[in-house]
Amino acid sequence: MFEIKKIIGSLLMPLPLLGIITLLMVFLAITQRRKALYLGVISVLSLLIVSTPYVGQTLIASSNNPQWQFNKRQHSQIDNIVVLGCTIMPHPQLVANNQLGDCAISRLLEGVKLAHQYPDAILFVSGGGFANTTNSQLMFETATTLGIAASRIKQNPLAMDTAEEAKRLAIYLVDKKSALVTSASHMPRAKDLFNAQGIEVIPAATDYNDYSQFPMYKQFIPSADVLVAVTRVSHEKVGSLWIKLRRWIDPEAL
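Reference entry: report on the structure contained in this document. (Residues numbered from 1 in each chain as written. Predicted model: local features only at pLDDT ≥ 70, side-chain atom pairs only at ≥ 80, totals over all residues. Heavy atoms only, no water.)

1. What about a nonpolar patch on the surface?
Phase 1 of the analysis: On the surface, Leu37, Tyr38, Val41, Ile42, Leu45 and Ile49 cluster together into a nonpolar patch covering about 590 Å² of accessible area.
Phase 2 of the analysis: For tyrosine 38, the location among the structural elements is in helix 3 (residues 33-50). (Patch = residues over 30% accessible without salt bridge, like charges linked within 9 Å, V, L, I, M, F, W, Y side chains within 5 Å. Areas by Shrake-Rupley, 256 points an atom, 1.4 Å probe, with all protein chains shown as cover. Salt bridge = Lys/Arg side-chain N within 4 Å of Asp/Glu carboxyl O. Helix = DSSP H or I, 4+ residues; strand = E, 2+ residues; numbered from the N terminus.)

2. So, the pairing of strand 6 (residues 178-183)
Phase 1 of the analysis: With respect to burial, strand 6 is a largely interior element, 6 of its 6 residues being buried.
Phase 2 of the analysis: The sheet contact formed by strand 1 (residues 80-83) and strand 6 spans 4 bridges and is parallel. Looking across to strand 6, one finds that valine 83 is bridged to valine 181.
Phase 3 of the analysis: With 6 bridges connecting them, strand 6 and strand 7 (residues 201-206) associate as parallel partners. Paired with alanine 179 across the two strands is isoleucine 202, which belongs to strand 7.
Phase 4 of the analysis: Taking the sense of rotation as the criterion, the β-α-β connection linking strand 6, helix 8 (residues 187-196) and strand 7 turns out right-handed. (Buried < 20%, exposed > 50% of the residue type's maximum accessible area, 1.4 Å probe, protein only. Pairing = 2+ DSSP bridges. Right-handed = clockwise from strand over helix to strand, strands pointing away.)

3. Concerning unusual backbone geometry
Phase 1 of the analysis: One non-glycine residue, aspartate 175, adopts positive backbone phi at about 65 degrees.
Phase 2 of the analysis: Along the polypeptide, aspartate 175 turns up in the loop between helix 7 (162-173) and strand 6.
Phase 3 of the analysis: Looking at aspartate 175, the relative accessible area reads 76%, which means it is exposed.

4. Some remarks on the pattern of salt bridges
Phase 1 of the analysis: Under the counting rule described, the total for this entry stands at 5 salt bridges.
Phase 2 of the analysis: Across the pair glutamate 110 and lysine 113 runs a salt bridge, and its minimum N-O distance is 3.2 Å. Taken together, the residues glutamate 110 and lysine 113, both in helix 5 (residues 102-117) and 3 residues apart, mark about one turn of the helix.
Phase 3 of the analysis: Residue class for glutamate 110 comes out buried when judged on its relative accessible area of 11%.
Phase 4 of the analysis: Assessed through its relative accessible area of 39%, lysine 113 is described here as partly exposed.
Phase 5 of the analysis: For aspartate 207, the salt bridge is made with arginine 232, and the minimal N-O distance between the two is 2.6 Å. Placement of the pair is aspartate 207 in the loop between strand 7 and helix 9 (224-249) and arginine 232 in helix 9, with a sequence separation of 25 residues.
Phase 6 of the analysis: In this structure aspartate 207 comes out as buried when scored by relative accessible area, which is 14%.

5. Quick notes on the nonpolar core
Phase 1 of the analysis: Phe70, Ile78, Ile81, Leu114 and Leu123 are the most contacted members of the largest nonpolar core, which totals 26 residues.
Phase 2 of the analysis: Only strand 1, helix 5, strand 2 (122-126), helix 6 (135-145), strand 6 and strand 7 provide two or more residues apiece to this core.
Phase 3 of the analysis: With 5 residues, the single largest contributor to this core is helix 5.
Phase 4 of the analysis: Other than its neighbours up to four places away in sequence, isoleucine 78 contacts Phe70, Tyr118, Ala121, Lys177, Ala179 and Ile202.
Phase 5 of the analysis: With 16 residues, the next largest nonpolar core counts Trp68, Val82, Phe124 and Val201 among its residues. (Core = buried A, V, L, I, M, F, W, Y, C linked by side-chain atoms within 4.5 Å. Contact = heavy atoms within 4.5 Å.)

Next comes the structure, spelled out in structure tokens:
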């Protein structure tokens, strides 16, 4: 079920989805050229449009709420700092930080910053992985090189998605003041899943995307970075729909 969910979710992202539509266009071109032409124009044009900063910013704006940043003035004490896993690129010849993807690095840096600000807090680094490498291990090794004592860090290496992260960490976080560190686009879904486990978390969002200040001449030029940001938000929308579906089928789920 986990693998099927990931495959379907991945195929619904802008690039593979529009790629599949383009392949369908090629198939139709053999028998129905006019339909193929219409479909091809729509899919390619859609991909270019959502990749422009002007349109992309509109699509991701609601998922980059500045209020999800952590405000130290509002919290004199924090018991736990929870850093959720993200992308990794395992390579045995690279040091740990060079195996962490951009969003994983961004999340970990926010967590380490908070760990320095709250020296009594426990730092939880979470996330599974592949190729005998996990998010949590790479984050653990990187955090220690950034000055966080190993004794303050707890790993959660078995969780393969956010729902599992929340379930496995609940025993440590219920009735504690815990800062939840994840990407801004991921924060609403992550907070929802942790709340469902009885965990009240303090948002500490990072990894923001904002293209509104780009020069006007760049606003209408397609960008791979914008497409990545739109894809992340699309992933969160699909994930939220999946949670609603699971809860409708089984109110005790997630």
